[in-house]
Each structure stands twice: as structure tokens, then as C-alpha cells.
Amino acid sequence: MKKTLAILMALVMVLGAFTFASADEVKTYKVGISIYQYTDNFMTLYRNEIADYFKTLETDTVKYELVFADAKNDMAEQTNQMNNFVTQGMDVIILNPVQTSSADVLIDIAVSNEIPLVLINREPLAYDADGNTIDEAYEGILNNPQVCYVGADARQSGTYQGELILATGNQGDINGDGKISYIMIQGDPENIDAQYRTEFSIKALTDAGKTVECLDSQVGNWDQTKGQELCANALTVHGYNVEVVFCNNDGMAMGALTAIQTAGRIVGEDIYLVGVDALPEAVEAIKLGDMTGTVLNDHIGQSHAAVDVAVKLLNGEAIDNYYWVNYVKVDKAYAEAQ
Ligand code: BGC
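These figures come from a predicted structure and were not determined experimentally.

Novice: What's the story with the environment of Gln161 in this structure? I'm lost.
Specialist: Mapped onto the elements of the fold, Gln161 is located in helix H6 (residues 154-166). Between the alpha carbons of Gln161 and Ile109 there is a distance of 38 Å; along the sequence they are 52 residues apart. Not counting the four nearest positions on each side in its chain, Gln161 is found in contact with Arg197, Ser201, Phe246, Cys247, Val274, Gly275, Val276 and Val295. A polar side-chain atom of Gln161 sits 3.2 Å from the main-chain carbonyl oxygen of Gly275.

Take a look at the structure:
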């Protein structure tokens with residue numbers, strides 16, 4: 001009896017020591033993630049996927065403590081959040097900047113505190129000596145081995161939008177007057193995605209030898225309600241002259257669709273509508289024929305790339321300064337195959 005008790009006690013001690021030791025070996029990394037604005041449909045999908053993907057990478061010995069912050073489209077708020085991340089001792093920061101033109105301030109906070117930084121979705125732009133933006137890598141990223149940008153080349157998404165219109169039966173010229181008459185609903189003009197999509201969607205048409213006519217081009221700030229309002233106004237002013245509605249994102253395209261339907265217009269018959277992102281509701285609309293097409297802004301690929309590089313930084317591995325994820329054209333056939 002005494003012997004059994006002794007064995008039991010020894011067992012308990014060994015087990016206890018074992019549990020204690022393994023608890024000791026668990027490494028928890030703190031990750032600060034600031035998103036420019038939680039109400040953004042696309043960034044909501046992106047942000048949720050960051051959380052889900054980090055979970056899948058956890059092991060018995062490696063955990064990730066994620067601290068998300070909503071910058072509420074306010075640069076001052078986001079600067080505070082970055083400073084808080086420093087105080088909280090974050091091991092790495094993932095940042096979706098509110099104002100790319102002020103990216104230096106945010107990068108400096110991370111770099112001067114030796115916290116690796118992964119910028120996502122809103123690409124800071126390079127400037128020339130006169131302060132004009134140029135198509136070159138950003139020095140604040142390039143010169144810092146622990147800073148990188150993960151995103152998609154918005155020129156590609158714009159080109160795909162134009163190609164979706166060229167793929168329609170009458171190549172966007174519904175009334176056969178020899179020109180494609182369109183309205184453009186733009187995202188936040190500070191965002192390169194908005195600038196490039198506006199430019200390259202039309203460039204795809206003119207590169208194909210088409211004549212184009214811009215009836216209206218307005219800023220909808222990525223917002224569904226604003227998209228609806230702008231499209232409704234343009235349809236009231238220009239009526240059936242509007243052949244194509246280009247929206248820089250699907251959020252605004254969903255708003256435009258409501259305006260189109262309220263005006264009694266029919267997508268695919270007397271008007272075309274394209275967006276970018278491939279939000280689930282947009283893919284549904286394409287299947288129903290209520291939208292001509294969209295472009296997949298791969299939030300899964302981008303969030304996984306961002307998390308993977310954050311993990312590399314945590315492990316002290318060398319990284320690239322830029323990571324690019326491809327867009328994918330989404331027409332009816334593609335949407336139906338989903
Ligand atoms: C998306 C928009 C989103 C924006 C936020 C873009 O890439 O297409 O839907 O509002 O990013 O920065």
C-alpha cells in the first residue's frame with residue numbers, strides 16, 4: 001500500500017513538472033493590427049481573415065495575441081494607436097494606413113521602436129522632388145529591412161474592369177453611337193487603388209481603339225450609400241445616355257445597383273455595371289445578371305501573405321519589401337462556378 005502511494009506521488013510530481021515545463025515553453029507573440037476603418041466592407045473581410053488565419057498557425061508552443069484597433073478613418077486616432085502599440089510592447093504591427101501621404105510618421109514610430117511593420121491594402125506612394133507622386137517603390141519601405149507592403153496592383157483591376165465591358169455583345173456601346181458613355185464612381189482619391197482603377201479601366205477601352213465619353217466622375221469614398229446617391233443623380237441628369245457605370249469597388253457598385261433598379265434600368269440590357277472586390281453580394285448579383293462583372297480583390301491571399309510575412313519577422317527571418325497578390329477577373333461564368 002505504502003509502495004503504491006509512493007509510486008502515485010512520484011507520478012503526480014513528474015506529471016506536474018511536465019505540465020509546468022510545457023506551460024513555460026509556450027511563446028505568446030503580441031500583434032497590433034490597426035485598420036483604417038471598420039465600416040469598410042472589404043476591410044472587414046480582410047480583418048476577419050487575418051484573425052482566422054493567425055489561429056490556424058498556433059501550435060502547442062506558439063500563440064498569437066491579437067490586438068485589433070479601428071482607426072475610424074482618422075489619422076490622429078491611428079497615430080495614437082501606433083503609440084499605444086509601442087507602449088503595449090507589440091512584437092509586430094500590421095497597419096492599414098488611413099493616410100498614405102502620412103505613412104512616414106507611422107513607419108517612423110515602428111522603426112524607431114524596433115518593431116517590425118507590415119503595411120497592407122493602402123500603398124504609400126513615392127514622391128519626386130516636386131512632391132508629385134511617381135511610380136516607384138516608397139523609400140520608407142525600401143530602406144527598412146523590417147518594413148514591407150503587401151497588396152495588389154490596382155492597375156490590373158482597372159484593366160480587368162475595362163475588359164469586362166469589352167467582352168459584352170456591343171462592347172459597351174449599347175446605343176450604337178460609336179462611343180462608350182460612362183460614369184465613374186471613385187473611391188477615396190488619396191488611395192492609389194482609386195486613382196489607378198479610374199485611369200486603367202478607361203485606358204483598357206481606349207487601348208482597344210474605342211471612343212469614350214465621360215458623363216460624370218465623382219468621389220464616393222468607397223461607400224455604398226454614397227455610390228447609390230451619385231449613381232441616382234447621374235441617371236437623373238443623363239438618363240439613357242449612361243451606358244456603363246464604373247465603380248472603383250463593389251460597395252459603391254451595390255449602391256449603384258439600387259439606383260439603377262430604382263430608375264427602372266436593366267443591367268445587361270440598357271446599362272452595364274462593374275465593380276472591384278468580388279464581395280459575396282456582388283458575386284450573387286453577377287449570377288443573377290444584375291451586375292456585368294467584378295474583379296476579385298483577393299483578401300484571402302493578401303491577408304495570408306501579410307500574416308505569413310509577420311510570422312517571418314517574428315522569427316527573425318529576412319523578408320522582401322514588397323509582396324504582390326494578383327487580381328482575378330470575375331464574369332458571369334466565373335461567378336457561377338463559385
Ligand atoms: C478595396 C475597397 C476598400 C479599400 C480600402 C480597396 O482595395 O477595393 O473596397 O474600400 O481598399 O482601402
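Next, the rest of the story.
Novice: Which parts of the structure should I look at to understand the site of the ligand?
Specialist: Within the structure, the ligand sits among Tyr36, Asp40, Phe42, Asn121, Arg122, Asn191, Asp193, Arg197, Trp222, Asn249, Asp277 and Asn297. The separation between an oxygen atom of the ligand and a polar side-chain atom of Asn249 is 2.9 Å. Within the side chain of Asn297, an N or O atom sits 3.1 Å from an oxygen atom of the ligand. Burial of the ligand by the protein amounts to 99% of the accessible area it has alone, namely 310 Å².

Novice: Where do I start with the sheet that holds strand E8 (residues 180-186) in this structure?
Specialist: The strands that make up a sheet pair up through hydrogen bonds in the backbone, lying either parallel or antiparallel. Strand order in this open sheet of four strands is E9-E8-E10-E11, and the pairing throughout is parallel. Each edge of the sheet is formed by a strand with only one pairing partner; in this case those strands are strand E9 (212-219) and strand E11 (272-274). Pairs of neighbouring strands in the sheet enclose a mean axial angle of 15°, with direction left out of account. Across the sheet, H6 touches strand E10 (244-247) and E11, and the angle it forms with E10 is around 160°. In the packing of helix H7 (residues 192-207) onto the sheet, the strands contacted are E8, E9 and E10, and the crossing angle to E8 comes to about 165°.

Novice: Honestly, unusual backbone geometry in this entry has me stumped. Any pointers?
Specialist: Negative phi values dominate among residues other than glycine, just as trans dominates among peptide bonds. One non-glycine residue, Lys72, lies in the positive phi region at around 50°. Here Lys72 falls in the exposed class, since its relative accessible area comes to 53%. Phi is positive for Asn121, which is not a glycine, with a value near 65°. Mapped onto the elements, Asn121 comes out in the loop between strand E4 (117-120) and strand E5 (126-127).

Novice: Could you clarify how one ought to interpret the sheet that holds strand E3 (residues 92-95) in this entry?
Specialist: On the basis of which strands lie adjacent, the open sheet formed by six strands has the order E2-E1-E3-E4-E7-E13 and parallel pairing. Taken across any chain shown, the strands that pair with only one partner, and hence form the sheet edges, are strand E2 (62-70) and strand E13 (322-324). Here the strands of the sheet are splayed against their neighbours by 20° on average, with no regard to which way each runs. The pairing of strand E1 (residues 27-35) with E2 spans nine bridges and is parallel. Looking at the pairing, Tyr29 lines up with Tyr64 of E2. Along the sheet, helix H2 (residues 41-57) contacts E1, E2, E3, E4 and strand E7 (147-151); its crossing angle with E2, the most-contacted strand, is approximately 165°.

The rules behind each value
Residues numbered from 1 in each chain as written. Predicted model: local features only at pLDDT ≥ 70, side-chain atom pairs only at ≥ 80, totals over all residues. Heavy atoms only, no water. Helix = DSSP H or I, 4+ residues; strand = E, 2+ residues; numbered from the N terminus. Contact = heavy atoms within 4.5 Å. Polar contact = N/O pair within 3.5 Å; in protein donor to acceptor, adjacent residues only side chain to side chain. Near = heavy atom within 4 Å. Areas by Shrake-Rupley, 256 points an atom, 1.4 Å probe, with all protein chains shown as cover. Pairing = 2+ DSSP bridges. Axes fitted to C-alpha atoms, helices over the stretch in contact; angles between N-to-C directions. Buried < 20%, exposed > 50% of the residue type's maximum accessible area, 1.4 Å probe, protein only.

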